[in-house]
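The lines below spell out each chain.
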Amino acid sequence: MTRFLIPKAVWETIAIDFNGPYAIFGGIYILVIVDYRSRYVIAKPVKSTNCDSVKRVLDEIFKREGFPRSIKSDNGPPFSSEEFKRYCSQRGIRNIFSTPLFPQQNGLVESCMKLINKAMIVAVSNQSSYVEELQLAVEAYNSAAHSITAVPPEELMSGRKIRRGLPLLQYAKVNHDDDAIDKRDTAAKLRVKCLEDSKRSVRECRIKEGDVVITQPQARKKGDARFSTTRYTVVSEEKGKLILTDDQGNNLSRHVSQVKRVGHWRQPYRKDASTEELTRSSEELETNVPGNSRATRERKAPGYLSEYVLVVEQRPRNLLWDEDEDRFWDQEFVNLAEQYDDERATFADLKIRLWDEQSEEGSDH
């Protein structure tokens, strides 16, 4: 999965999303905003997810922090609406949308939902105000050194140390090594990328422009097929994001992990079709579709069988067959049988004779 590189300045790119609703608190939502460079978190309760509620919260924040260059969000109704796009365009803000039904592309703000949920759980457990618990949780997160940048988000966001419960030794401006922060961020994202790619068995995207694919349905009940039967043609592909179109010209955006490439479709079954027609169509399906056959692996015999094959191929013609043990004996036992000139004797009889002679020779000495 491709990672989103850290911006060069704070409040240049922010991520935004909703968490909720919380029925126990009257169905409220929490609007969460995260700065991509400093990891500074802002959480505001709202009663609705409509565009007016979002604009009201953003206006309050933009008066203090200014306008960012871009806002990254999912394809939810308040963010994908024409009213919100016009609101951002008037302020020179570029909209960046993640692939539908693929929240991993907006993972920074999605990871902050754990913090929000914990604060709401504490409010329910202590029967306290969720506004106070939410504020305390966000302040604690912003004032602690982040695991990636090694700097508190509020300190990196404001460029100075924020005085909390402990006294400050100095009130001077704080200078941070931006190159070191960039390197730590890149190294952490590369490490997580390698780990997730190995878990998911990620491989290079094999779906190209012009391929015919089918998509996963948004909601699937028990017994439903994993993929729908509607065929789409790939118009473009960029970093795993596919733009699809159907026969009617309707466009659709999906991630490459949510589609499956198809080659040849079977003809629908007809009751009046003869056996010869069905056989011919089946043969055409198998022979006329290049590259659509199932992958096969090279089959080899187990290694331990090589010894048995070698014995059988290289055994002498006069091997003895032991009826008791149901096997052939090697050249040593053949020589023993030739010594006593008794090919019909079992190996047990030959061994007894040999032991008797060896014991007699030993007693003579």
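Notes on the structure in this doc start here. (Residues numbered from 1 in each chain as written. Predicted model: local features only at pLDDT ≥ 70, side-chain atom pairs only at ≥ 80, totals over all residues. Heavy atoms only, no water.)

In terms of regular secondary structure, the protein is built from 12 helices and 12 strands. Across the 365 residues of the protein, 33% fall into the buried class. With an accessible surface of roughly 25100 Å², the protein has 48% of that area assigned to carbon and sulfur atoms. (Helix = DSSP H or I, 4+ residues; strand = E, 2+ residues; numbered from the N terminus. Buried < 20%, exposed > 50% of the residue type's maximum accessible area, 1.4 Å probe, protein only. Areas by Shrake-Rupley, 256 points an atom, 1.4 Å probe, with all protein chains shown as cover.)

Across the interface, helix α5 (residues 113–126) lies against helix α6 (residues 130–143) with an axial gap of 8 Å and an inter-helix angle of 140°. Our classification of the angle between α5 and α6 gives oblique. Seen from above, α5 lies across α6 with right-handed handedness. Here Leu115, Ile116, Ala119, Met120, Val122, Ala123 and Asn126 of α5 lie close against α6, whose contacting residues are Tyr130, Glu133, Leu134, Ala137 and Tyr141. (Axes fitted to C-alpha atoms, helices over the stretch in contact; angles between N-to-C directions. Parallel < 35°, antiparallel > 145°, perpendicular 65-115°, else oblique. Left-handed = near helix turned anticlockwise from the far one by under 90°. Contact = heavy atoms within 4.5 Å.)

Consider a sheet: its strands pair through backbone hydrogen bonds, and that pairing is either parallel or antiparallel. Here we have five strands laid out as an open sheet, ordered β3-β2-β1-β4-β5, and mixed in their pairing. Two strands bound the open sheet, and with one partner strand each, they are β3 (41–46) and β5 (94–97). Ignoring strand direction, the axes of neighbouring strands in this sheet form an average angle of 25°. In this sheet, β5 lies alongside strand β4 (residues 70–73) in parallel orientation, the contact comprising four bridges. (Pairing = 2+ DSSP bridges.)

Bringing the side chain of Asn106 into the picture now. Following the sequence through the fold, Asn106 ends up in the loop between β5 and α4 (107–111). Residues in contact with Asn106, not counting those within four places in the same chain, are Ala15, Ile16, Tyr36, Lys72, Ser73, Asp74 and Ser98.

Read these as spatial facts, not as claims about activity.
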